[in-house]
Amino acid sequence: MAKTCLLLVSLGFLSFFRAAFCCPNDQKQALLKFKSAFLENTAVNSSSSDGFFSYGLEDWNSTSDCCSWDRVICDSRPNSRAVIALYLDSLQSPEPVVVSSSVLAPLFGIKSLMMLILSSNHIQGQIAGEGIANLGNLVHLDLMQNNFTGSIPPQVFHLRHLQYLDLSGNLLTGVLKPEVGYLQKLRILKLDDNFIGGNIPMEIGNLTKIQELSLRNNHFSGGIPLSVLNLKGLQVLDLRENLFSQHIPTMIGRLSNLSTLALSKNKLTSVIPSSIQNMTKLETLKLDNNMLTGEIPSWLFNMKALKNLFLGKNALKWNNNAKIEPRCMLSGLSLQSCGLLGPIPEWISSQRSLDYLDLSNNKLEGIFPQWLAEMELGTVILSDNNLTGSLPPSLFHSRSLSLLDLSRNRFSGELPENMGNATAIMILILAENSFSGKIPSSITNIYRLLLLDLSKNRLSGTIPVFDPTSFLAFVDLSLNDFSGEVPLTFSQETRILALRGNNFTGSLARNMTNFYMLEHLDLHDNRITGELPNFISELSTLRSLNLRNNSLQGSVPSSISNLSNLQILDLSHNNFTGSIPAEVGNLVGMIETPSTFSSISFIFTFSIEYTDLIVNWKRSVQGLSSSASIDIYSWLDLSKNHLSSEIPSSLGKLRGLKMLNISYNGLKGKIPATLGNLESLESIDLSHNTFSGPIPQSFIKLQQLTTLDVSNNHLKGKIPVGGQMDTMDDPTYYANNSGLCGFQIQLNCPDNKPPQAVEPVNESSESWFAWEAMWIGFPFGFIVSASVIFHTGFCTSRCLNNNIASS
C-alpha cells in the first residue's frame, strides 16, 4: 500500500514537473493552428507542381514541447515556460506566394509574446489592430517586407513596452498619427518604403529614447518638425525620398549624437545649416537631390568623423578658389552638378579610403589623372564633363572597380587592351565620347559585367564573343561604325540589346531566339534585309521591337500577335507589302494600359534617365525622359512601307496605345469607326494613303487626342464636332482631301447635308507614333545612388556593399 501511494505521488510530481517545464498547451495549439493555416494558404496560392516548402516549421508537431521547436523561444524562468519570442521571418521557399493576413489570428492569442518577427513572408491585407492590442507585452515587432495595406492601426501606438517597430517595405497608406508619441520607450522606428503621407506629427518629439528614425521613400510632406530637435539620443535620421520642403532646421546641430543624417531626394531649400559642424559624431551626410542653395561650406571637410558626403543635384556652388585640406577620410563623395571647374581636384588624392566618387555634370577639364586611376575605387562617375585624352591602362588594373561611368565627355583614342583585367566591373558606360578602334577582346573576361554601354562613339570592327552563360543583361553598341551580320554573341540572359545606327547587314538569324529573356530589341537604322521571320514571335518576353529604317520586305507575319508583352512595335521605313494583319489587334501589351513594372528592376536599383527616346510627337521632335518610357507608353508605327488593303477594325482593341502611325502607305477603304475606342490615344497619323469616306464620328470620344493627321487622302464629308476634335483646327491636318468641310478648315458644309450618324463601334483601340530616332533607354544618363542587385544570386548584397555606395 505504501509503495502504491509512493508511486502515485511520484507520477503526480512527474506530471507537474513536465507541465511546469513545457510551454502552455493553449499556446502550443495556437502555434499549430498558425502552421496549418499558413501551409494551407500557401498551398492554395502556389502554382508550383512541387508543392510548397517552408523553412523552420518542420519540427512543429503535437507530440513535442513547443519550447524545443525551431523559431520559438520560451521564458527561461522555472515557474513559467510561456512563449515569449517568435522568429517567423522568411518562411517561404523557393517560390513565395501571397499569404492572407488572416493566418496570423492564432498568434494574437499568445499574450506573453515580447518579440514577434514576421518579415519577408508576402503577407497581404490589413494589420489586425484588435489582434495586435492583445499583445500588450510586445517589446519588438517586425512586419517588414510584406504586402500589408491600409493605415497603421492605432492599437500599435498603445503598446507601451514597445522598443522596436519595423513596418518598412509594405503598402501602408494614410498618415502617421499623433498617437505615435505614446511610444515613449521606442528606440527604433522604421517605416521605409510605404505610401504614408502628410506631415510628421509634432508628437514625434516625445520619443526621447529613440535612436533611429527612418521614414525613407514615403509621401511625407511639409517641413521637418522642430520637435525632432528634442530627440537628443538620435543616432540615425533618414528622411530620404519624400516630399519634405522648407529649410533644414537651423539648429539641427543640436542632435549631437547623430551619425547619419540622410535627407536626399526631397524639396528642401535654403542653405546648409552651419550648426551641422557641431555634430562631432556625424559619419554620413546625404543632402543630394534637393533645392539647396548657397556655397558649399569648406568646414564640411574639417569634420573628422565624416565618411560619406553627398551634396549633388542641388543649386549649391563649389568655391573653385577655396583651398581644401580635408581633416576627414571619406569613403563616399558626391558633388554632382556643383559647378566644379578645371581639372579633377587633386585634394581627392588624399582620401585613401575613398570607394565612391561622383563628380558628374560639372565643367571638369583635362585628362583622367594617373593618381585617380591608381586609387582602387569601387565606383567612378565622371559623366557629363569636358574631360579629354585617352584612358590610362592602370585604371583597369583595379580589382575593386565595379562601376565606371565616363559618358558624355570628350575622351578619345582606343580602349585599353587590358580592359578585361578589371574583372569586378558590373557596370561599364563609356557612351558619347570619341573612342575609336575595336572593342578589346579581353572585355569578355569581365565575368561580373551586367551592363555595357559603348554607344555614340567611333568604334568599329567585330564584336567580341561573350560567354552565352554570362550575366550581361544590358548591351548598347548603338551609333558606332560596326559592320557585318547582326551580332548575337551575347549572354542568353540579355534583356536589352541596342544596335541601332551601325552598318549591320544580312537577315535576322534564328539563333536570336536564344535570348529567352529579351525585353527590348533595337536594330533600327542599319541595312538589314530579308523578311521579318516567323520565329520572331518566339521572343515571348519582348516589350519593344524597333526595326525602323532597314530594308526588310515581305509581309508582316500574323504570328507577331504571339508577342503578348509587346508595347512598342516600329516597322516603319522598310519595304513591307500586303495588308496589316488583323491579328495585330490581339497584341495584349497594347490592349492593356501599360504598367510601370519591368523585370529589369530586379537587376538594377539605380534609376535610369532615358535621354535618347526621340519621337516626332505632337508636331514637334522631342526627347522623352524616363517618366515617359516604355513603362508608360505604347506605340505602333507601320509608316513608310508599301502596305495595302484596309485598316483591320481589330486595331480598335488596342486601348493602351498612345500613338499610332500608318502614314505613307497604300492603304484604302474607310477609316474604321472602331478607332474611336482608343481611349488612351494621343496622336494618330493616317496621312498619305488613299482612304475614302468620312472621318468617323466616333473620333469625338478620343479625349486624350492632341494630334490628328489625315492629310493627302480621299476623305469627304463633315469633320466631326465635339470633344478634342474641336481643337484639331490646323488646316494642314486635313490638306489634300477635297471633299472635307467643317469649321476646323474654315469651310462651311452644305446646309442640306444630313448630319453624320455615329457609326456602331466594336471593342477596339489605337494610337500614333513616328520615331525620329529610337532606343528605349539607350544611351542613357545615370543617377547612380544605389547598389546593383544581381538577379541570379551570383553577386550577393554583401559583395556589392564593398563596391558601390548604397542609396
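Residues numbered from 1 in each chain as written. Predicted model: local features only at pLDDT ≥ 70, side-chain atom pairs only at ≥ 80, totals over all residues. Heavy atoms only, no water.

### What about the confidence of the model for the protein chain?
Any residue range with low pLDDT should be treated as having predicted coordinates unsuitable for detailed reading.
Line of reasoning, step 1. Model confidence for the protein chain is summarised by a mean pLDDT of 87, while 84% of its residues fall at 70 or above.
Line of reasoning, step 2. Per-residue pLDDT stays below 50 along residues 1-19; that stretch engages in 0 contacts with residues further than four places along the chain or on separate chains.
Line of reasoning, step 3. Under a pLDDT of 50 for its full length, residues 596-630 has, in the predicted model, 128 contacts with residues more than four places off or in other chains. (pLDDT = per-residue confidence, 0-100. Contact = heavy atoms within 4.5 Å.)

### What about the environment of I84?
Line of reasoning, step 1. Here I84 is to be found in strand 3 (residues 83-87).
Line of reasoning, step 2. A C-alpha to C-alpha distance of 5.9 Å links I84 and I73, two positions 11 residues apart in sequence.
Line of reasoning, step 3. Setting aside anything within four residues of it in sequence, one finds I84 in contact with I73, C74, D75, S112, L113, M114 and M115. (Helix = DSSP H or I, 4+ residues; strand = E, 2+ residues; numbered from the N terminus.)

### So, the sheet that holds strand 49 (residues 668-670)
Line of reasoning, step 1. Taken in spatial order, the 4 strands of this open sheet run 49-51-53-54, and their pairing is parallel. Both outer strands of the open sheet, strand 49 and strand 54 (739-741), are each paired with one neighbouring strand and no more. On average, adjacent strands in this sheet sit at an angle of 30° to one another, irrespective of strand direction.
Line of reasoning, step 2. One ladder, built from 3 bridges, connects strand 49 with strand 51 (residues 690-693); its direction is parallel. Within strand 51, the residue paired with K668 across the bridge is T690. (Pairing = 2+ DSSP bridges. Axes fitted to C-alpha atoms, helices over the stretch in contact; angles between N-to-C directions.)

### Some details on the side chain of N502
Line of reasoning, step 1. Among the structural elements, N502 can be located in the loop between strand 35 (496-498) and strand 36 (503-506).
Line of reasoning, step 2. At 3.4 Å, the side chain of N502 forms a polar contact with the backbone nitrogen of D481.
Line of reasoning, step 3. The residues touching N502, leaving out its near neighbours within four places in the chain, are L477, S478, L479, N480, D481, F482, D525 and N526. (Polar contact = N/O pair within 3.5 Å; in protein donor to acceptor, adjacent residues only side chain to side chain.)

### A few points about the pattern of salt bridges
Line of reasoning, step 1. Following the criterion strictly, the structure yields 13 salt bridges and no others.
Line of reasoning, step 2. Put simply, R216 and D192 hold a salt bridge, and the shortest N to O gap is 3.6 Å. Residue R216 is found in the loop between strand 14 (212-214) and strand 15 (219-222), and its partner D192 is found in the loop between strand 12 (188-190) and strand 13 (197-198); the two are separated by 24 residues along the sequence.
Line of reasoning, step 3. Take R216: its relative accessible area is 18%, and that puts it in the buried class.
Line of reasoning, step 4. Across the pair R408 and E432 runs a salt bridge, and its minimum N-O distance is 3.6 Å. On the criterion of sequence distance, the pair formed by R408 in the loop between strand 27 (403-405) and strand 28 (410-414) and E432 in the loop between strand 29 (427-429) and strand 30 (434-437) is long-range, its members being 24 residues apart.
Line of reasoning, step 5. With a relative accessible area of 16%, R408 lands in the buried category. (Salt bridge = Lys/Arg side-chain N within 4 Å of Asp/Glu carboxyl O. Buried < 20%, exposed > 50% of the residue type's maximum accessible area, 1.4 Å probe, protein only.)

### Brief notes about the state of the cysteines
Line of reasoning, step 1. Tallied over the full model, the rule gives 3 disulfides.
Line of reasoning, step 2. Here C23 engages in a disulfide with C66; their sulfurs sit 1.9 Å apart. Of this pair, C23 sits in the loop between helix 1 (2-20) and helix 2 (25-45) while C66 sits in the loop between strand 1 (53-54) and strand 2 (72-74), placing them 43 residues apart in sequence.
Line of reasoning, step 3. Looking at C22, it has no disulfide partner, and the nearest cysteine sulfur is the one in C23, 6.9 Å off.
Line of reasoning, step 4. C22 gets classed as partly exposed once you look at its relative accessible area, which sits at 30%. (Disulfide = S-S within 2.5 Å.)

### Structural notes on the sheet that holds strand 42 (residues 575-578)
Line of reasoning, step 1. With respect to topology, 3 strands assemble into an open sheet ordered 40-42-47, the strand pairing being parallel. This sheet does not close on itself; its edge strands, each paired only once, are strand 40 (553-554) and strand 47 (642-643).
Line of reasoning, step 2. Two elements, strand 40 and strand 42, share 2 bridges in a ladder whose sense is parallel. Bridge assignment links Q553 to a residue of strand 42, and that residue is N575.

### A word on a positive patch on the surface
Line of reasoning, step 1. A cluster of basic residues, R160, K185, R187 and K209, forms a positive patch on the protein surface.
Line of reasoning, step 2. Summarising the element assignment, R160 is placed in the loop between strand 9 (147-150) and strand 10 (164-166).
Line of reasoning, step 3. Judged by its relative accessible area of 59%, R160 falls in the exposed class. (Patch = residues over 30% accessible without salt bridge, like charges linked within 9 Å, V, L, I, M, F, W, Y side chains within 5 Å. Areas by Shrake-Rupley, 256 points an atom, 1.4 Å probe, with all protein chains shown as cover. Lys, Arg positive; Asp, Glu negative; His and termini not counted. Charge placed at Lys NZ, Arg CZ, Asp CG, Glu CD.)

### Structural notes on the pairing of strand 7 (residues 123-126)
It is a general feature of regular strands that their side chains alternate between the two faces of the sheet.
Line of reasoning, step 1. Two strands pair when backbone bridges link them, and strand 5 (residues 99-100) and strand 7 are joined in this way by 2 bridges, in the parallel orientation. Looking at the pairing, S100 lines up with Q124 of strand 7.
Line of reasoning, step 2. Judged from the 3 bridges that link them, strand 7 and strand 9 form a sheet pairing that is parallel. Looking at the pairing, Q124 lines up with N147 of strand 9.

### Notes on unusual backbone geometry
Line of reasoning, step 1. Positive phi is not limited to glycine here, since R408 has a value of about 55°.
Line of reasoning, step 2. A positive phi is found at L479, a non-glycine position, where the angle reads about 55°.
Line of reasoning, step 3. Within the element layout of this structure, L479 appears in the loop between strand 33 (474-476) and strand 34 (483-485).

### What to know about the environment of S551
Line of reasoning, step 1. Within the secondary structure, S551 sits in the loop between strand 39 (544-546) and strand 40.
Line of reasoning, step 2. Filtering out sequence-adjacent residues up to four positions away, S551 remains in contact with I528, T529, G530, N574 and N575.

### Some points on the environment of S558
Line of reasoning, step 1. Looking at where S558 falls in the secondary structure, it is placed in the loop between strand 40 and strand 41 (568-570).
Line of reasoning, step 2. Taking the C-alpha atoms as reference points, S558 and P581, 23 residues apart in sequence, are found 5.4 Å from one another.
Line of reasoning, step 3. Aside from chain neighbours lying at most four places away, what touches S558 is P581 and E583.

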